[in-house]
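Letter by letter, the chains look like this.
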Amino acid sequence: MSDPGVAEGMTASERAAFGEIADILVPQTEAMPSATGADVASRWIDVALSHRPDLRSAFGDALAALAGRGPDAVWTLAREAPEKFQALATLTAGAYYLNPEVRALVGYPGQTTRDFDDEVPSYSDLLEHVVSRGPRYRPTPR
Amino acid sequence: MTPPRHIDDAVDVIVIGAGASGSVAVRELARAGMSVVCLEQGEWTHRADFPGERPEWELVAQHRWHANPNVRAGPADYPINATDSDVDPLMYAGVGGSTVLYAANWVRFVPADFRVRTLDGVADDWPLTYEDLAPYYERTERDMAVSGLAGDPAYPPGAPPPLPPLPIGKIGRKGAQGLDRLGWHWWPGSNAIAARAYRGLQPCVRQGTCMTGCPHGAKASTDLTHWPDALHHGATLVTGARVREITVDRRGRATGALYVDRAGREHFQAGASVVVAANGVGTARLLLLSRSQLFPDGLANGSGLVGRRLMMHPFAAVIGHYDEPLESWMGPAGQTIQSMQFYETDTSRGFVRGAKWNILPTGGPLGVRWAEGDRPVGETWGSNFHEVVARGLGRSFQWGVMAEELPDEANRITLDATLTDSDGIPAPRVVYRTSANSQAILDYHVARVREAHEAAGAVAMTTRTMRDCGWHLLGTARMGEDPQSSVVDPWGRAHEVPNLYVIDGSIFVTSSAMNPTATIMALALRCVERIIDERRIHEDPR
């Protein structure tokens, strides 16, 4: 999809292995790319790891636990080693949605900013119903 | 060999903690001309550090900016043993305290919250009334740039907030339409977030990242609202100061505080009075740490209640999905609208007390996925991965339900036998179980909230409860008239130590079901003005 960027930290074979796992978690659909199709294994996982170094160890453990096992092993990992799976899953999803092209495809502009005017007149009719039902607090007993 | 101890210059008042209540105390004491030193274990948090404007916001929100100190594990944080607690305590260590990361929901208690025993026959009445606190609420609302709308029939009449309400947005409007169809109460959310430029705060721009710090300077955290004025009036702030003990003399009066700086050096700060403002966990921990011959069970703990009666608010989130775009990443977050339809006691429901509801946005793709976090892995990953985000992103919102927890002496803070912070000081241990009454409140309210979503047109719903909901740390040094059944008097002064004050959420008698910061700060203002008025500090005959 985009520039593969600079690979750091992981070997090519580790990236390939991670990519296979990531594509099980985030597969391709008609509308959306798979994890590897969105450069998760080649680029965005590095960005995600740079922001979550606390997960690096558990992420490595997850990949080690899945090495050489079949595609269903990731679901077994989720059951048997949820902490490792959580690190793997958090980084995979986090990396996927760091890709601006993915964000555009799901319609997420990011946390945008917007100025605003007074909205109260636009819903004051609804508030009148609330007010018309009268006070609903219990006063301090005397 | 004992390391050398640095002796700092004596002051009129030592304030321990620079958060919501400590900020109030320092500013008012400094304005009154007293010499004040505030000892704060954390540091300043700079606006540029807040991640809300960056693409990695949701990823780092789960760690570096997480509200759970055990997850965040920053250099200023102390660990908490919460293995025997249903709820994880949340807080932030730094100038401004937890107001740096809070959602800024700004709600007063209602009158009945101060008369729980009289009205509902459970727990205890407060030694003050809503009317006693109302003037302090009003002043604090001005200090904290509260944006809201006057006239809410859930409250007695009073002065309007200083700023107009923030937009309720598409999600607030959708929720309000549902409640309107049911004939249920709602009101625009009241938030300590500036709707307009106000006293140095910038206007809100609805970025929706309030709970990881406001990068725009619109949210009223006390590092912005109180500390500039406090420093201008001569207060001294010592950051990186982890207090390990409040010392006493032979007569049982507080003499000062021992603290460790970030270089590991121990200091003694002498003061004529000591004000503790370290939150419902940290304050209890410090009092329990401050054991001596006169106070073998902890300072001011003759009642045995220091650390007991901990109250945190059990919380449930009901996320509704809608078949229309709602821009549900837009702020405030913050609350867009709130409802108190079922807040007051109705015993026909099978429980006493109630819950407050408020609407929050669901954020970006990771926030939407979080909402589905309780579902089996196979339902949210693999072939279902994209469907989760497609269904919820921009098309969902959360009704949050916050239930009142009643005081129970078994729910408590103690000192852990083995766990310590990075300075070797014993860490707090939390024992906390959600009561059957609170669970009944949550169950009932979740069912009603689901009806509210249905009435608003939701096509699907997900309900989540979570451990990470202990934002509100209350009750561990309760106030009262009777020294046998309370730790401090109605103005925060310790019954047993006449120059020691506690002014944070620890002194709450009951928890209400409200976000407590408005009451914490109003109460702190009331307490500190009493200290100033009586000039108790000058009565110290040392």
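Scope of this entry: the structure provided in the associated data block. Keep in mind it's a predicted model, so treat the numbers as computed, not measured.

Turning our attention to the nonpolar core. Core analysis: the biggest nonpolar cluster contains 173 residues, and Ile 16, Val 36, Val 275, Val 401 and Ile 503 of chain B have the highest contact counts within it. A total of ten residues in this core trace back to one element, the largest contributor, which is helix 14 (residues 517–534) of chain B. The residues contacting Ile 503 of chain B, other than those within four sequence positions of it, are Ser 21, Ala 25, Val 275, Ala 277, Gly 492, Leu 523, Ala 524, Cys 527 and Val 528 of chain B. Ile 21, Val 26 and Leu 98 of chain A together with Trp 381 of chain B belong to the second-largest nonpolar core, a separate cluster that totals 35 residues.

What follows is about helix 2 (residues 40–51) of chain A. Think of an α-helix as 3.6 residues a turn; residues three or four steps apart then line up on the same face. Residue and element names in this part refer to chain A. End to end, helix 2 covers just 15 Å across twelve residues, shorter than the expected 16 Å (1.5 Å per residue, more than 12% under). Counting buried positions over the twelve residues of helix 2 gives nine, a clear majority of the element. Along helix 2, the residues that are buried comprise Val 40, Ala 41, Ser 42, Arg 43, Trp 44, Ile 45, Ala 48, Leu 49 and His 51.

Glancing now at the sheet that holds strand 3 (residues 81–85) of chain B. Residues and elements named next belong to chain B. Taking strand neighbours across the sheet as the criterion, the three strands line up as 3-14-13 in an open arrangement whose pairing is mixed. The open sheet terminates on both sides in strands that have one partner only, identified here as strand 3 and strand 13 (412–420). When the angles between neighbouring strand axes are averaged without regard to direction, this sheet yields 30°. The pairing of strand 13 with strand 14 (residues 426–432) spans five bridges and is antiparallel. Paired with Arg 412 across the two strands is Val 431, which belongs to strand 14. Together, strand 13 and strand 14 form the strand contacts of helix 9 (residues 279–289), whose direction differs from that of strand 13 by roughly 70°.

Glancing now at the pairing of strand 1 (residues 5–16) of chain B. All names here are of chain B. With nine bridges joining them, strand 1 and strand 8 (residues 266–276) adopt parallel strand pairing. Paired with Val 13 across the strands is Ser 273, a residue of strand 8. Across four bridges, the pairing between strand 1 and strand 2 (residues 36–39) is parallel. Residue Val 13 lies in a different strand from strand 2, and its bridge partner there is Val 36.

About the criteria used
Residues numbered from 1 in each chain as written. Chains lettered and ligands numbered in written order. Predicted model: local features only at pLDDT ≥ 70, side-chain atom pairs only at ≥ 80, totals over all residues. Core = buried A, V, L, I, M, F, W, Y, C linked by C-beta atoms within 7 Å. Buried ≥ 20, exposed ≤ 12 C-beta atoms within 10 Å, placed from the backbone. Helix = DSSP H or I, 4+ residues; strand = E, 2+ residues; numbered from the N terminus. Contact = placed C-beta atoms within 7 Å. Expected span 1.5 Å × (residues − 1). Pairing = 2+ DSSP bridges. Axes fitted to C-alpha atoms, helices over the stretch in contact; angles between N-to-C directions.

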